[in-house]
Amino acid sequence: MRNFQFSFPLTVLLFLLFSSCSKDEIVEQANFFPNVAPELQTYFEEFEYQGALRSIQINLADANIIGKIEELGEEHVAGQCTYGAAIDNEITIDKGFWNDFPQLLVREMVVFHELGHCYLDRGHTEGAKSNGACISIMRSGLGDCFDNYNSATRVAYLDELFSNL
Ligand SMILES: [Zn+2]
């Protein structure tokens, strides 16, 4: 059974704990999703938790979403979602991006963006607010808006993510 009682700060704490453990312990303690890389587990769990906060039941393990961290060939691509009728949806996060951006919220934005495609079936949402910030973390990256996902804006961006389904 999924456990939704983790608050965000606790998840952060767990993440910090896991990242200081040995590799074997990471696999043993954080393997809630069998087909997801250990580093991505807390982000998948947080995605389910944030959905539950908004009355959306999400079960990424039942949906068989695969999560990997691998080198993506394309320049400036941090993550991708691969999907199709005959395959399980698969998220791949670029290894170079992952290593270059240890900040939890930067990583979360990218993982949640890909889960937005691969689980929520969302396409891209373009557009900017009056201050030039993107209206959605589902932006393509090709428009003029800038990313502004931080601790002050996170709740509003997640409200947007889970409401335009
Ligand atoms: Zn995208």
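Because the structure is predicted, anything quoted here is derived from the model rather than measured. (Residues numbered from 1 in each chain as written. Predicted model: local features only at pLDDT ≥ 70, side-chain atom pairs only at ≥ 80, totals over all residues.)

Caption draft 1: Spatial organisation of the overall build of the protein. The number of helices and strands found in the protein is six helices and three strands. The secondary structure elements of the protein, listed N-terminal to C-terminal, are α-α-α-β-β-β-α-α-α. Among the 165 residues that make up the protein, the fraction classed as buried is 30%. For the protein, restricting intrachain contacts to residue pairs at least 6 apart in sequence, the fraction spanning at least 24 positions comes to 53%. (Helix = DSSP H or I, 4+ residues; strand = E, 2+ residues; numbered from the N terminus. Buried ≥ 20, exposed ≤ 12 C-beta atoms within 10 Å, placed from the backbone. Contact = placed C-beta atoms within 7 Å.)

Caption draft 2: Inspection of helix α3 (residues 41-53) at higher detail. Relative to the 18 Å expected for 13 residues at 1.5 Å per residue, α3 spans 19 Å between its end C-alpha atoms, a close match to the ideal helical length. With ten of 13 residues buried, α3 lies mostly within the body of the structure. Taken together, the buried positions of α3 are Q41, T42, Y43, F44, E45, E46, F47, E48, Q50 and G51. (Expected span 1.5 Å × (residues − 1).)

Caption draft 3: Representation of the sheet that holds strand β3 (residues 87-94). Taken in spatial order, the three strands make up an open sheet running β1-β3-β2, and their pairing is mixed. Only two strands of the sheet have a single neighbouring strand rather than two, namely β1 (66-70) and β2 (79-84). Between one strand axis and the next, the sheet turns through 20° on average, direction left out of account. Relative to β3, β1 is paired through five bridges, and the arrangement is parallel. Looking at the pairing, E70 lines up with D94 of β3. (Pairing = 2+ DSSP bridges. Axes fitted to C-alpha atoms, helices over the stretch in contact; angles between N-to-C directions.)

Caption draft 4: Here's a closer look at unusual backbone geometry. Here S55, not a glycine, exhibits a phi torsion of approximately 60°, which is positive. With respect to the helices and strands, the residue S55 is situated in the loop between α3 and β1. Although it is not a glycine, D121 adopts a positive phi angle of roughly 60°. Position of D121 among the secondary structure elements: in the loop between α5 (104-118) and α6 (154-163). Using a count of 10 C-beta atoms within 10 Å as the deciding quantity, one classes D121 as exposed.

Caption draft 5: Molecular detail of the environment of M138. If you trace the backbone, M138 turns up in the loop between α5 and α6. With 20 C-beta atoms packed within 10 Å, M138 lands in the buried category. Residues M138 and M109, 29 residues apart in the sequence, show an inter-C-alpha distance of 9.2 Å. Excluding residues within four positions of it along the chain, M138 makes contact with H113, G116, R122, H124, T125 and L161.

Caption draft 6: Layout of the pairing of β2. Bridge count for β2 against β3 is five bridges, and the pairing is antiparallel. Within the sheet, the bridge partner assigned to T82 lies in β3 and is E90. Linkage of β2 to β3, two consecutive antiparallel strands, is achieved through a turn of two residues.

Caption draft 7: Representation of the nonpolar core. Membership of the largest hydrophobic core comes to 30 residues, with the highest contact counts inside it found for L40 and I93. For this core, the secondary structure elements donating two or more residues are α3, β1, β3, α5 and α6. A per-element tally of this core places α5 first, with six residues. Residues in contact with L40, not counting those within four places in the same chain, are G67, I69, I93 and V111. (Core = buried A, V, L, I, M, F, W, Y, C linked by C-beta atoms within 7 Å.)

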